[in-house]
Amino acid sequence: GSALVNGNDVNTQQKAVQLSIGYLPEHNPLYLDLYVREYLAFNADVYKVAKSRIEEVIQLTGLSTESHKKIGQLSKGYRQRVGLANALLHNPDVLILDEPTTGLDPRSRQAMWTMIKQLASQGTAILLTTQYMDEADYLADHIIVIDHGKVIAEGNSSELKAQVGDDRLD
C-alpha cells in the first residue's frame, strides 16, 4: 500500500515523514535515570532543534515543577507528559497518541485531555487511539470504531450515537 503524510510518501520520503510526525506510544520508553531536562536535551540533539524549544515544551506540557527531577521519580501522569514533551520537541504537524491516558488517575487524565485540546486548537493534526468512548467523544472530531481489525462504525460523536445507540458508546 501507500500513504502520504503532509504530501510526503511514506515509502520514498521517510525522513520528511518522520519530521512531520510526533509519536507518544502507550508504553512510553523513557530513560528513568535521566533528569527531565537532560532527557529532552538529548532528544533535542537528535532532532537538531534549538535548546530553547526544551523550555517551550516543558511549559506547554506542565512539567515546570517536575523538570528538575529524574524521570524515574515521576508519577505515571508526569512520565506521560515527558513523553508528550518529547513528541512535540520538533514541532510536528501530526501527533500520534497511542492510548495516552491508559492507567492515569482522573486528574492526570483531565490534564492530558486539556493539553490535547490545546494542541488541536493550534492546528496540530492528532491521531488518537483509545479504548475510552468518553475520551473519544470529548476529544475527537471524527471517530472510527474498529473491532477485530474491521471498521464497524465511523463518524462524529452524534452520528455514531445515532448509528449504534447512545448507551453502547458510554
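Model, not experiment: these values are computed from the prediction. (Residues numbered from 1 in each chain as written. Predicted model: local features only at pLDDT ≥ 70, side-chain atom pairs only at ≥ 80, totals over all residues. Heavy atoms only, no water.)

Quick word on the packing of helix 2 (residues 36-47) against helix 3 (residues 52-60)
Part 1 of the argument: Between helix 2 and helix 3, whose axes approach to 10 Å, the crossing angle comes to 130 degrees. The angle between helix 2 and helix 3 falls in the class oblique. With respect to the hand of their crossing, helix 2 and helix 3 are arranged in right-handed fashion. Of the residues in helix 3, those in contact with Arg37, Leu40, Ala41 and Ala44 of helix 2 are Ile54, Glu55, Val57 and Ile58.
Part 2 of the argument: In the contact of helix 2 with helix 3, the residues fall into 6 nonpolar, no polar and 2 charged. (Axes fitted to C-alpha atoms, helices over the stretch in contact; angles between N-to-C directions. Helix = DSSP H or I, 4+ residues; strand = E, 2+ residues; numbered from the N terminus. Parallel < 35°, antiparallel > 145°, perpendicular 65-115°, else oblique. Left-handed = near helix turned anticlockwise from the far one by under 90°. Contact = heavy atoms within 4.5 Å. Nonpolar A, V, L, I, M, F, W, Y, C, P; charged D, E, K, R; others polar.)

Thoughts on the nonpolar core
Part 1 of the argument: Counting residues in each nonpolar core, the largest one holds 27 residues, and the members touching the most others are Val36, Leu40, Val82, Leu84 and Leu95.
Part 2 of the argument: Looking at this core, the elements that each hand over two or more residues are helix 2, helix 3, helix 4 (76-88), strand 4 (94-98) and helix 5 (106-121).
Part 3 of the argument: If you look at the next biggest cluster of nonpolar residues, it comprises 5 residues, including Ala136, Ile143, Val145 and Leu160. (Core = buried A, V, L, I, M, F, W, Y, C linked by side-chain atoms within 4.5 Å. Buried < 20%, exposed > 50% of the residue type's maximum accessible area, 1.4 Å probe, protein only.)

Considering the side chain of glutamate 66
Part 1 of the argument: With respect to the secondary-structure elements, glutamate 66 resides in the loop between helix 3 and helix 4.
Part 2 of the argument: Judged by relative accessible area, which is 13%, glutamate 66 ranks as buried.

Looking at the pattern of salt bridges
Part 1 of the argument: Across all of its chains, the model carries 6 salt bridges by this definition.
Part 2 of the argument: Among the salt bridges present, the one from arginine 37 reaches glutamate 55, with a minimum N-O distance of 2.7 Å. In this pair, arginine 37 sits in helix 2 while glutamate 55 sits in helix 3, placing the two residues 18 residues apart along the sequence.
Part 3 of the argument: By relative accessible area, arginine 37 is classed as partly exposed at 34%.
Part 4 of the argument: On the accessibility criterion, glutamate 55 (34% relative accessible area) is partly exposed. (Salt bridge = Lys/Arg side-chain N within 4 Å of Asp/Glu carboxyl O.)

Focus: the side chain of glutamine 80
Part 1 of the argument: Relative to the helices and strands, glutamine 80 resides in helix 4.
Part 2 of the argument: Glutamine 80 sits in the buried class, given a relative accessible area of 2%.
Part 3 of the argument: Sequence-distant contacts of glutamine 80, defined by excluding residues within four places in its chain, comprise Leu24, Glu26, Asn28, Glu99, Pro100, Leu104 and Met112.

As for helix 2
Part 1 of the argument: Given a rise of 1.5 Å per residue, 12 residues ought to cover 16 Å, and the 17 Å separating the end C-alpha atoms of helix 2 matches this to within 8%.
Part 2 of the argument: Of all the residues in helix 2, the buried ones are Val36, Tyr39, Leu40, Asn43 and Ala44. Along helix 2, the residues classed as buried sweep out an arc of 140 degrees about the axis, all on the same side.
Part 3 of the argument: Where helix 2 is buried, its residues meet helix 3 and helix 4.
Part 4 of the argument: Just beyond helix 2, the residue with positive phi is lysine 48, at close to 60 degrees. (Expected span 1.5 Å × (residues − 1). Arc of directions from axis to C-beta.)

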